[in-house]
Amino acid sequence: MDGIHDLGGKLGYGPVDVNEPEEPFHADYEGREWGMARTARVSNIPIDWWRHTRELIDPEDYLNRSYFDSWAQTDMAAMIDAGIFTLAELKSGISETPPLGQIETVDYDAVLKHNGTLASKFEHPVDAPAKYFVGQSVITNAIGHEGHTRLPEYARAKVGVILSHHGGHLFPDDCAKGIEAAQHLYTVSFKATELWGANASPNDSVSLDLWESYLDAS
Amino acid sequence: MPSFDPKKITKIHQHLHSHLPSDPALRVKALETILVEKGLVNSENIDRWVEVYADDIGPKRGAHVVARAWTDPAFKARLLADGSKAVGEMGYAGPASGHLKAVENTADSHNVVVCTLCSCYPFAILGMAPNWYKTAAYRSRVVREPRAVLAEFGVELSEDTAVHVWDSTAELRYLVIPERPAGTDGMTVDELAKLVTRNSMIGTDRDLKTGGV
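Being a predicted model, the structure only gives us computed values, none of them experimental.

### As for the overall build of chain A
On a plain count of helices and strands, chain A comes out with 8 helices and 5 strands. For chain A, the sequential pattern of α-helices and β-strands runs α-α-α-α-α-α-β-β-α-β-α-β-β. In terms of principal-axis extent, the alpha carbons of chain A reach across some 60 × 45 × 35 Å. Counting all 218 residues of chain A, 41% fall into the buried class. Taking contacts inside chain A between residues at least 6 apart in sequence as the whole, the part at least 24 apart equals 65%.

This is the structure in structure tokens:
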């Protein structure tokens, strides 16, 4: 989706504010939202559909809201869509259906241990052999599509070199539609001059992790 | 079940925009309240998660990984070959570290990490991402003019130093291994870990200070 979220290479954004405090959370609500994202007993919202839901936030809202505020907005939209609660319930704070049962209270060490189990794997078998090999020159698709995709606009119709092959990984463009499918995943390296023209430094590169259907042999 | 219908989501976003307060604290509170009502979250457990990410899980984990790589060549080889496994070996597995790739700075190359499409970050070893990492300014500019962005962080690079930008577009997450500073030969892993800054593991810091200066 050619949306506001696809920020790579866009011009007009100012200097980076490098002087922020070191604390992990800068406001209480950031920690609350982070904790909810880690613990909410909501299992049927795939990560890629969640990311697409975030991309679909109104563009002005997307740029103006803080990161965790946009997570909250994404959770709310995805959960209302999935029938977990209604907008009326969210506004009133009162559930019209009985709770699904109590969640056991856990201590600090149990949370630390649970955290250690959350290293999700996205590898997935693919029947077809890999089309490309390390060192091969490839060209990316020129045109995107309306759905969720992980090929940014700035890296379209560009020639790069396969740096590594990661085997089959779940394909986000399909997963965001509720279809569990996989494709070969590659890290592709592009010269900065290929992406940005002759003013870029000839020594520099940008690498992206790209699925097989984003690529053609060049 | 999700509808997987983008038009429906756009409409819900509009409703949320008109019906909820604009203060993020109130919006997040509304979400927590209804999830508690539904029996889907436990507020005390959220308190614990906040504490865990404020105390135990943060850049000091990544710093320890880097310091060990500096002092233990066999570990460094394992880290470069399979970052997730090496980090798991240290007991540091966790969210967004299932596919971890370590990239190493050298005298003539520098690595820097971004996620231009959202803000993917290796939470399990670096903790919460700094705000700047999630801003439109960083996400838009660091792929196009990395040297200008690095200069804002105080990192000045000569033209001969190659800059490699890693855009985390899939589920791989990146950890930069900064160069070990000179004059640290006798230091222990714990002492070395204290020299490793969070930004150096993202790539917006380069020359680590040896302390005491």
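### Notes on the overall build of chain B
Summing up its helical and strand segments, chain B has 12 helices and 4 strands in all. Per-residue burial for chain B yields a buried fraction of 54% across its 213 residues.

### Focus: the environment of Ala74(B)
Structurally, Ala74(B) is set in helix 5 (residues 73-81). The spacing of Ala74(B) and Leu100(B) is 26 residues in sequence and 18 Å in space, taken between C-alpha atoms.

### Quick notes on unusual backbone geometry
Residues and elements named next belong to chain B. Within the chain, phenylalanine 4 stands out as a residue other than glycine whose phi angle is a positive 55°. Inspection of the secondary structure puts phenylalanine 4 in the segment before helix 1 (6-19). On the neighbour-count criterion, phenylalanine 4 (18 C-beta atoms within 10 Å) is partly exposed. The backbone phi angle of alanine 96 is positive, close to 60°, even though this residue is not glycine. On the secondary structure map, alanine 96 appears in the loop between helix 6 (83-89) and strand 1 (100-104).

### Describing the interface of chain B and chain A
In this assembly, 87 residues from chain B lie in contact with 98 residues from chain A. When residues of the side of chain B that touches chain A are traced back to their parent elements, those giving at least two are helix 1, helix 2 (24-37), helix 3 (43-55), helix 8 (131-134), helix 9 (136-141), helix 10 (146-152) and strand 3 (162-167) of chain B. Along the lines of polarity and charge, the residues of the side of chain B that touches chain A split into 44 nonpolar, 25 polar and 18 charged. As paired strands, strand 4 (residues 205-211) of chain A and strand 3 of chain B are joined by 4 bridges and run parallel to one another. Bridge pairing links Ser205(A) to His164(B) in strand 3 of chain B.

### Some points on the domain arrangement of chain B
Each domain of chain B was delimited in the assignment, giving domain 1 (6-41) and domain 2 (59-202). The straight-line distance from the C-alpha centre of domain 1 of chain B to that of domain 2 of chain B is 35 Å.

### Focus on the sheet that holds strand 1 (residues 137-140) of chain A
Taken in spatial order, the 7 strands of this open sheet run 5(A)-1(A)-2(A)-3(A)-4(A)-3(B)-2(B), and their pairing is mixed. Since the sheet does not close on itself, it has two edges, and those belong to strand 5 (215-217) of chain A together with strand 2 (109-114) of chain B, each with one partner. Between one strand and the next, the sheet's axes are offset by a mean angle of 35°, whatever the strand orientation. Direction of pairing for strand 1 of chain A relative to strand 5 of chain A: antiparallel, over a ladder of 3 bridges.

### A word on helix 1 of chain B
Here helix 1 of chain B spans 20 Å end to end across 14 residues, near enough to the 20 Å set by a 1.5 Å rise per residue. Of all the positions in helix 1 of chain B, only Ile9(B), Ile12(B), His13(B) and Leu16(B) are classed as buried. On an axial view of helix 1 of chain B, the arc spanned by its buried residues comes to 105°, and they lie on one face. In helix 1 of chain B, the exposed positions that point more than 90 degrees away from the buried face belong to Lys7(B), Ser18(B) and His19(B). Buried residues along helix 1 of chain B sit in contact with helix 2 (47-55) and helix 4 (67-81) of chain A.

### Overview of the packing of helix 6 (residues 108-115) of chain A against helix 3 of chain B
Closest axis-to-axis distance for the helix 6 of chain A/helix 3 of chain B pair is 9 Å, and the angle between their directions is 70°. Accordingly, the angle class assigned to the pair helix 6 of chain A and helix 3 of chain B is roughly perpendicular. Of helix 3 of chain B, the residues touching helix 6 of chain A (which contributes Tyr108(A), Val111(A), Leu112(A) and Asn115(A)) are Arg48(B), Trp49(B), Glu51(B) and Val52(B).

### With respect to the domain arrangement of chain A
Residues and elements named next belong to chain A. For chain A, the domain assignment lists domain 1 (28-115) and domain 2 (137-217). Between domain 1 and domain 2, the C-alpha centre-to-centre distance is 30 Å. Opposite the 6 residues of domain 1 that make contact, domain 2 presents 5 residues.

What counts, and at which threshold
Residues numbered from 1 in each chain as written. Chains lettered and ligands numbered in written order. Predicted model: local features only at pLDDT ≥ 70, side-chain atom pairs only at ≥ 80, totals over all residues. Helix = DSSP H or I, 4+ residues; strand = E, 2+ residues; numbered from the N terminus. Buried ≥ 20, exposed ≤ 12 C-beta atoms within 10 Å, placed from the backbone. Contact = placed C-beta atoms within 7 Å. Nonpolar A, V, L, I, M, F, W, Y, C, P; charged D, E, K, R; others polar. Pairing = 2+ DSSP bridges. Domains from an automatic or database assignment. Axes fitted to C-alpha atoms, helices over the stretch in contact; angles between N-to-C directions. Expected span 1.5 Å × (residues − 1). Arc of directions from axis to C-beta. Parallel < 35°, antiparallel > 145°, perpendicular 65-115°, else oblique.

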